[in-house]
There are 2 protein chains.
Amino acid sequence: MTQTKTDPRILRTRKLIMDSFIELSGKKEFKDITVKDITAEAMINRATFYYHFEDIYDLLEKVLSEVLLINLNGNAFEDGELSESTLASIFKAITEFQLSLSNRCHRGYEDTIARIVREQLEIIFYRMLLKQNRLEEDESLKITAVILSWGIYGASVEWRRNSTITPPEEFIKKAMPYIMSGIKSASENKGN
Amino acid sequence: MTQTKTDPRILRTRKLIMDSFIELSGKKEFKDITVKDITAEAMINRATFYYHFEDIYDLLEKVLSEVLLINLNGNAFEDGELSESTLASIFKAITEFQLSLSNRCHRGYEDTIARIVREQLEIIFYRMLLKQNRLEEDESLKITAVILSWGIYGASVEWRRNSTITPPEEFIKKAMPYIMSGIKSASENKGN
DNA sequence: TGAGAATTGTCGTTTATCCAACACATTGGA
DNA sequence: TCCAATGTGTTGGATAAACGACAATTCTCA
């Protein structure tokens with residue numbers, strides 16, 4: 001399952017850094033967090049930080065990806081199909097993620113965050129599409145994943161803007177018929 | 001205050017090992033804890049353990065010393081004199097330490113533990129005696145510290161055996177007049 | 001009792017982390 | 001404006017930790 005086993009020190013240190021960053025981002029805004037702050041909190045040398053991450057934006061990227069992945073796996077969709085319920089639980093996970101972020105004061109970095117989340121979604125969708133379609137359609141699947149990721153993410157932004165009172169499940173349900181029949185018909189046309 | 005600053009990695013790893021040992025000793029008896037268990041819990045390499053400690057008994061020794069010291073410092077006696085109240089609070093600390101140990105199932109190692117605790121006490125008493133007496137009396141002070149450490153420790157054993165209901169402060173208070181007048185008169189004779 | 005398994009200490013090599021120092025922004029007062 | 005302070009990213013040399021392997025106990029249980 002896991003690839004070549006990595007040095008335990010690496011895992012330990014990465015976790016230290018990431019946890020410290022998450023901890024700090026609960027206290028200050030992102031723009032006020034320095035590398036020094038992080039390494040001090042993590043009790044590691046500053047040079048070690050640069051051994052693991054390009055810079056603080058690289059860290060942000062990887063932390064967000066990881067937190068998002070945990071959120072997604074927490075809502076156990078695993079190796080599921082790209083079904084209606086799977087899509088709904090992914091959407092729910094994203095909205096939860098958004099809410100947890102808004103408590104963490106990453107104001108001013110919405111664009112960066114949006115990009116990271118969308119990229120993760122694209123990867124996930126692509127992987128799921130691959131499982132239930134022919135490999136020859138690779139290009140189509142990639143593009144479909146892109147469209148789906150933008151679409152779903154956009155929906156989550158819309159949800160956050162207007163209707164945080166509406167449960168995310170209901171919210172996404174409204175669009176579901178269109179999304180699914182599109183996916184289904186594509187699937188049927190290709191004769192999977 | 002602190003000596004030459006030690007490599008942060010050393011502090012980190014020592015703490016990892018000690019914490020893991022304390023954690024484990026809450027689950028198993030000491031005799032059932034292996035070095036492998038500890039390093040697995042601490043997520044460090046087994047060889048690293050031997051870089052820091054002679055063997056598992058060395059670890060036990062150092063952990064106990066540390067826990068005891070924390071208990072003692074917690075009851076803040078600091079650079080105090082060897083006064084009645086100081087002695088009482090030290091005694092109280094020891095009884096608390098004993099109780100915390102009995103929860104941790106170190107059955108069969110009472111002798112080892114006793115030796116370690118007594119040695120720590122001796123160090124502490126000697127340091128305090130040094131502060132309030134002439135340096136020429138070094139040999140006397142050393143022996144006095146030995147006697148005091150055995151005596152106080154023995155009292156704590158007695159307390160645990162009979163009268164866990166009696167507050168330790170009251171218990172030791174009964175012997176206090178004799179102890180103190182002894183110390184005082186010695187102090188006077190030497191004309192501090 | 002004896003054979004297989006587990007634990008203990010140790011060693012040499014490789015790798016991650018520490019440290020001090022560096023040049024180069026960026027910032028915020030005087 | 002200038003300059004002191006602070007943060008960034010990089011380097012080279014030193015050191016702690018990881019790894020795998022080893023012989024030598026010690027255990028376990030058939």
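Residues numbered from 1 in each chain as written. Chains lettered and ligands numbered in written order. Predicted model: local features only at pLDDT ≥ 70, side-chain atom pairs only at ≥ 80, totals over all residues. Heavy atoms only, no water.

*Asks:* Quick question: what am I supposed to make of the relation of the copies chain A and chain B here?
*Replies:* In this structure, two copies of a chain are linked by a rotation about an axis accompanied by a shift along it. With an RMSD of 0.1 Å, the operation that places chain A on chain B is a rotation of 179° combined with a shift of 0.2 Å along the axis. In symmetry terms, the pair is related by a two-fold rotation axis. Across chain A, the smallest distance between a C-alpha and the rotation axis is recorded for Arg9 of chain A, namely 5.3 Å. Comparing contact sets, 100% of the residues at the interface of chain A also lie at the interface in chain B, consistent with an isologous, same-surface contact. (Least-squares fit on C-alpha atoms with pLDDT ≥ 70 in both. Contact = heavy atoms within 4.5 Å.)

*Asks:* Where do I start with the protein's contact with DNA strand C in this structure?
*Replies:* Near DNA strand C there are 24 residues, and of these Arg9, Thr13, Thr48, Tyr51 and His52 of chain A occur at the shortest range. Counting only atoms of DNA strand C within 4 Å of the protein, the sugar-phosphate share comes to 67%. Interatomic distance of 2.2 Å between a side-chain N/O atom of Thr13 of chain A and a phosphate oxygen of DNA strand C. Between DNA strand C and Arg46 of chain B, the relevant distance is 3.0 Å, taken from a base oxygen to a side-chain nitrogen or oxygen of the residue. Listed by contribution, the elements that provide at least two residues to the surface near DNA strand C are α1 (8-25) and α3 (46-52) of chain A together with α1 (8-25), α2 (35-42) and α3 (46-52) of chain B. Counting residues per element, the surface near DNA strand C draws most heavily on α3 of chain A, at five residues. (Near = heavy atom within 4 Å. Polar contact = N/O pair within 3.5 Å; in protein donor to acceptor, adjacent residues only side chain to side chain. Helix = DSSP H or I, 4+ residues; strand = E, 2+ residues; numbered from the N terminus.)

*Asks:* Explain the domain arrangement of chain A to me, please; I cannot follow it from the model alone.
*Replies:* A common way to state how big an interface is: give the accessible area lost once the parts meet. Residues and elements named next belong to chain A. In terms of domain boundaries, chain A breaks down into domain 1 (8-53) and domain 2 (58-191). Of the roughly 1,200 Å² buried between domain 1 and domain 2 on both sides combined, carbon and sulfur atoms contribute 71%. On the domain 1 side of the contact with domain 2, Met18, Phe30 and Phe53 bury the most area, a combined 43% of that side's loss. Taken together, the connections running from domain 1 to domain 2 amount to zero salt bridges. Joining domain 1 to domain 2, the criterion identifies zero residue pairs in polar contact (both at pLDDT 80 or more). Residue assignment for the side of domain 1 that touches domain 2 shows that the elements contributing at least two residues are α1 and α3. The biggest single contributor to the side of domain 1 that touches domain 2 is α1, with five residues. (Domains from an automatic or database assignment. Buried area = accessible area lost by both parts, 1.4 Å probe. Salt bridge = Lys/Arg side-chain N within 4 Å of Asp/Glu carboxyl O.)

*Asks:* For this particular structure, what's the right way to read the pattern of salt bridges?
*Replies:* Where charged atoms of side chains with opposite charge meet at close range, the side chains can pair. Taken as a whole and assessed by the stated rule, the structure comprises 22 salt bridges over all chains. Salt-bridge contacts for Asp138 of chain A lead to Lys142 of chain A; the nearest nitrogen and oxygen are separated by 3.8 Å. Here Asp138 of chain A pairs with Lys142 of chain A, and both are found in helix α7 (residues 138-162), just four residues apart, close to one helical turn. With a shortest N-O distance of 3.3 Å, Lys92 of chain B and Glu96 of chain B are connected by a salt bridge. Separated by four residues within a single helix, Lys92 of chain B and Glu96 of chain B lie in helix α5 (residues 84-103), roughly one turn from each other. Several salt bridges share partner residues, and in doing so they unite Glu61, Arg115 and Glu119 of chain A into one network.

*Asks:* Explain the packing of aromatic side chains here, please?
*Replies:* The description of an aromatic ring pair rests on the distance of the ring centres and on the angle between the ring planes. Scanning all chains against the criterion turns up 10 aromatic pairs over all chains. Ring centres 6.0 Å apart and planes at 90° place the aromatic pair Phe21 of chain A and Phe30 of chain A in the edge-to-face group. Assessed through its relative accessible area of 2%, Phe21 of chain A is described here as buried. Using a relative accessible area of 3% as the deciding quantity, one classes Phe30 of chain A as buried. Residues Phe30 of chain B and Tyr57 of chain B carry aromatic rings whose centres are separated by 5.8 Å and whose planes lie at 65° to one another, so their mutual orientation is edge-to-face. Taken as a pair, Phe30 of chain B in the loop between α1 and α2 and Tyr57 of chain B in helix α4 (residues 56-74) lie far apart in primary sequence, 27 residues in all. (Phe/Tyr/Trp six-rings, centres within 6.5 Å; stacked < 30°, edge-to-face > 60°. Buried < 20%, exposed > 50% of the residue type's maximum accessible area, 1.4 Å probe, protein only.)

*Asks:* How do you make sense of the interface of chain A and chain B when you look at a structure like this?
*Replies:* Taken together, the contact pairs five residues of chain A with five residues of chain B. Taken together, the two surfaces of chain A and chain B that pack against each other cover about 320 Å², and 49% of this comes from carbon and sulfur. The largest per-residue losses of area from chain A upon contact with chain B belong to Arg12, Leu16 and Met43 of chain A, which jointly make up 85% of the total buried on that side. The interface formed by chain A and chain B includes zero salt bridges. At the boundary of chain A and chain B, one finds two residue pairs in polar contact (both at pLDDT 80 or more).

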